[in-house]
Amino acid sequence: MLMVKMLKDIFQIIQLHYGYTIDENSLNYSRFVVHMQFFLQRLLENKMLENENDDIYYTYIIKNSSALDCVEQIEKYIDRLLHKQITRDEKIYLIVHITRITTH
């Protein structure tokens with residue numbers, strides 16, 4: 001139940017951040033849900049991605065500042081709810097999938 005709640009909350013954070021409703025019947029949404037389930041499973045099992053590749057991280061945050069801002073909101077939500085921090089690699093993972101779902 002926690003994973004379902006978190007998925008809904010994170011999706012709501014993304015929609016509020018970008019200021020529009022994302023089509024829940026789209027293929028991009030379906031793919032997003034699957035990737036978020038993997039992310040949340042790793043988070044809840046304390047098995048987050050941890051390569052800490054600084055070059056990739058900085059490349060993604062420079063090119064995707066809006067998605068990074070959104071990820072930082074998600075990170076605050078996770079910290080408040082679970083008292084956990086997410087790794088840089090998980091931030092990259094989120095940036096990639098948020099960018100995919102929010103690109104028209």
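The numbers attached to residues start from 1 for each chain and follow its sequence in the written order. Only residues with pLDDT of 70 or above have their local features reported here, since the model is predicted, and side-chain atom pairs are shown and tallied only from 80 upward, although totals for entire chains, interfaces and linings are computed over all residues. As a convention, hydrogens and water are excluded, and side-chain values are obtained from all of the structure's heavy atoms.

1. Here we look at the packing of aromatic side chains
Phase 1 of the analysis: Geometry of aromatic contacts follows a simple scheme: Phe, Tyr and Trp rings, the Trp one being its six-membered ring, pair when their centres are within 6.5 Å, and the pair is stacked under 30 degrees between planes, edge-to-face over 60, tilted otherwise. Per the counting criterion, the structure on display carries 3 aromatic pairs.
Phase 2 of the analysis: When the ring of Phe11 is compared with that of Tyr29, the centres are 4.9 Å apart and the planes differ by 65°; the resulting orientation is edge-to-face. In this pair, Phe11 sits in helix H1 (residues 2-18) while Tyr29 sits in helix H2 (residues 27-44), placing the two residues 18 residues apart along the sequence.
Phase 3 of the analysis: Throughout this description, buried means an accessible area under 20% of the type-specific maximum (1.4 Å probe, protein chains only), exposed means over 50%, and partly exposed covers the range between. Residue classification places Phe11 among the buried residues on the basis of a relative accessible area of 7%.
Phase 4 of the analysis: With 6.2 Å between their ring centres and 45° between their planes, Phe11 and Phe32 make a pair best called tilted. Strands are runs of DSSP state E lasting at least two residues, helices are runs of H or I lasting at least four, and both sets are numbered from the N terminus onward.

2. Topic: the environment of Leu81
Phase 1 of the analysis: By secondary structure assignment, the location of Leu81 is in helix H4 (residues 65-82).
Phase 2 of the analysis: Put simply, Leu81 and Met6 are 75 residues apart on the chain and 9.1 Å apart in space, counted from C-alpha to C-alpha.
Phase 3 of the analysis: Should any heavy atoms of two residues lie within 4.5 Å, those residues are counted as being in contact. Those residues in contact with Leu81 that lie beyond four places of it in its chain are Leu2 and Met6.

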